[in-house]
Amino acid sequence: MSETLVARFYDELADDYHLIYPDWDASIRRQGGALDAIIGQDRAEVLDCSCGIGTQAIGLALCGHRVTGTDLSPRAAVRAGREAARRSLSLRTAAADMRRLPFPDGQFDVVVCADNSLPHLLTEQDVHAALAAMRRVLRPDGLLLVSTRHYEDLLRDHPVSTPPQVHRTAEGGERTITFQLWHWHDDGEHYDLEHFQLLPAGGEWRVKVRRTTYWALSQNRLARLAAEAGFVDARWRMPQETGFFQPLLEARADE
């Protein structure tokens with residue numbers, strides 16, 4: 001992975017990221033509530049190490065947790081802090097690479113890495129480094145929650161696009177349309193993604209295109225890498241069970 005290219009992708013998306021959701025505030029509440037139910041304790045010390053503009057971090061803060069958010073994108077992390085402040089919430093944010101988390105050992109009860117962030121890392125070495133960093137900053141028996149796309153299905157079908165998502169502003173009813181094109185590599189596991197946003201512009205459409213690369217990391221492979229990084233009791237929990245929008249890998253830091 002080129003961290004510079006990934007950071008640029010999310011720096012460029014930061015101002016418009018909420019437009020990928022039909023209703024971003026509803027998603028904040030829904031995702032935060034689903035993760036809170038899995039955490040199952042009050043006022044946990046939580047690190048969201050891929051916080052983006054704050055969808056999960058703000059949702060968890062709304063549930064009463066003490067949340068720190070980091071992201072590779074400085075602009076995204078700054079916006080997360082600003083959005084939390086607008087909601088009268090405390091959210092400490094910083095720009096950081098999830099492979100090199102700038103915190104002391106054992107500082108957090110929970111580490112969250114959601115919304116298909118980990119698969120920006122394109123090799124086993126990088127994924128292991130990130131998981132080892134998450135294990136290091138967790139307290140013994142601390143909880144890890146990682147969500148990815150349902151790559152088992154995608155590795156079988158190799159889709160080339162996603163359905164369009166429509167965001168409509170409450171004020172004027174204007175629509176923003178978001179969709180993705182996927183270009184699979186010859187190895188069948190990595191894919192380049194083109195992220196399209198069509199924004200209204202005086203009766204016409206203004207198009208923004210951003211590009212990045214992912215690794216379609218299977219659930220068994222990710223669970224194995226988590227075990228090698230010092231996690232135990234790893235299990236995948238599906239959206240129909242958790243209410244979270246993606247499959248979640250749940251694991252505990254080995255004591």
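Residues numbered from 1 in each chain as written. Predicted model: local features only at pLDDT ≥ 70, side-chain atom pairs only at ≥ 80, totals over all residues. Heavy atoms only, no water.

**Digging into the sheet that holds strand S10 (residues 231-237)**
Strand order in this open sheet of 7 strands is S3-S2-S1-S4-S5-S11-S10, and the pairing throughout is mixed. Both outer strands of the open sheet, strand S3 (91-95) and S10, are each paired with one neighbouring strand and no more. Across the sheet, the mean angle from the axis of one strand to that of its neighbour is 15°, orientation sign disregarded. Inspection of the sheet shows S10 paired to strand S11 (residues 248-253) by 5 bridges, in the antiparallel sense. Residue pairing for S11: Arg-237 is matched across the bridge by Leu-248. (Pairing = 2+ DSSP bridges. Helix = DSSP H or I, 4+ residues; strand = E, 2+ residues; numbered from the N terminus. Axes fitted to C-alpha atoms, helices over the stretch in contact; angles between N-to-C directions.)

**Considering the packing of aromatic side chains**
Scanning all chains against the criterion turns up 11 aromatic pairs. Ring geometry for Tyr-10 versus Tyr-17: centroids 6.4 Å apart, planes at 25°, classification stacked. For Tyr-10, a relative accessible area of 15% corresponds to the buried category. On the accessibility criterion, Tyr-17 (13% relative accessible area) is buried. Ring geometry for Trp-182 and Trp-184: centres 6.1 Å apart, planes at 65°, overall edge-to-face. (Phe/Tyr/Trp six-rings, centres within 6.5 Å; stacked < 30°, edge-to-face > 60°. Buried < 20%, exposed > 50% of the residue type's maximum accessible area, 1.4 Å probe, protein only.)

**A closer look at a negative patch on the surface**
On the surface, Asp-141, Asp-233, Asp-254 and Glu-255 cluster together into a negatively charged patch. Along the polypeptide, Glu-255 turns up in the segment after S11. Relative accessible area serves as the criterion here: at 76%, Glu-255 is assigned to the exposed category. (Patch = residues over 30% accessible without salt bridge, like charges linked within 9 Å, V, L, I, M, F, W, Y side chains within 5 Å. Areas by Shrake-Rupley, 256 points an atom, 1.4 Å probe, with all protein chains shown as cover. Salt bridge = Lys/Arg side-chain N within 4 Å of Asp/Glu carboxyl O. Lys, Arg positive; Asp, Glu negative; His and termini not counted. Charge placed at Lys NZ, Arg CZ, Asp CG, Glu CD.)

**Considering helix H4 (residues 74-86)**
With 13 residues, H4 should reach 18 Å at 1.5 Å per residue; the first-to-last C-alpha distance of 19 Å fits that figure. Here H4 has its buried residues at Ala-76, Ala-77, Arg-79, Ala-80, Gly-81, Glu-83 and Ala-84. For H4, the elements touching its buried residues are helix H1 (3-13), helix H2 (24-39), helix H3 (55-62), strand S2 (66-71) and S3. Count one or two residues on from H4 and you reach Ser-88, which has phi positive near 60°. (Expected span 1.5 Å × (residues − 1). Contact = heavy atoms within 4.5 Å.)

**Remarks on the packing of H2 against H3**
Between H2 and H3, the shortest axis-to-axis distance is 7 Å and the interhelical angle comes to 65°. When the interaxial angle is binned, H2 and H3 end up roughly perpendicular. The handedness of the crossing between H2 and H3 is right-handed. Here Trp-24, Ser-27, Ile-28, Arg-29, Gln-31, Gly-32, Leu-35, Asp-36 and Ile-39 of H2 lie close against H3, whose contacting residues are Thr-55, Gln-56, Ile-58, Gly-59, Leu-60 and Leu-62. (Parallel < 35°, antiparallel > 145°, perpendicular 65-115°, else oblique. Left-handed = near helix turned anticlockwise from the far one by under 90°.)

**Considering the environment of Pro-200**
Secondary-structure assignment places Pro-200 in strand S8 (residues 190-201). The residues touching Pro-200, leaving out its near neighbours within four places in the chain, are Glu-174, Arg-175, Thr-176 and Trp-205.

**Re the pattern of salt bridges**
Counted according to the given criterion, the structure contains 26 salt bridges. For the salt bridge of Glu-124 with Arg-221, the shortest nitrogen-to-oxygen distance reads 3.0 Å. Taken as a pair, Glu-124 in helix H5 (residues 124-137) and Arg-221 in helix H7 (residues 219-228) lie far apart in primary sequence, 97 residues in all. With a closest N to O distance of 3.7 Å, Glu-250 and Arg-235 form a salt bridge. With a gap of 15 residues between them, Glu-250 in strand S11 and Arg-235 in strand S10 connect regions that are remote in the sequence.

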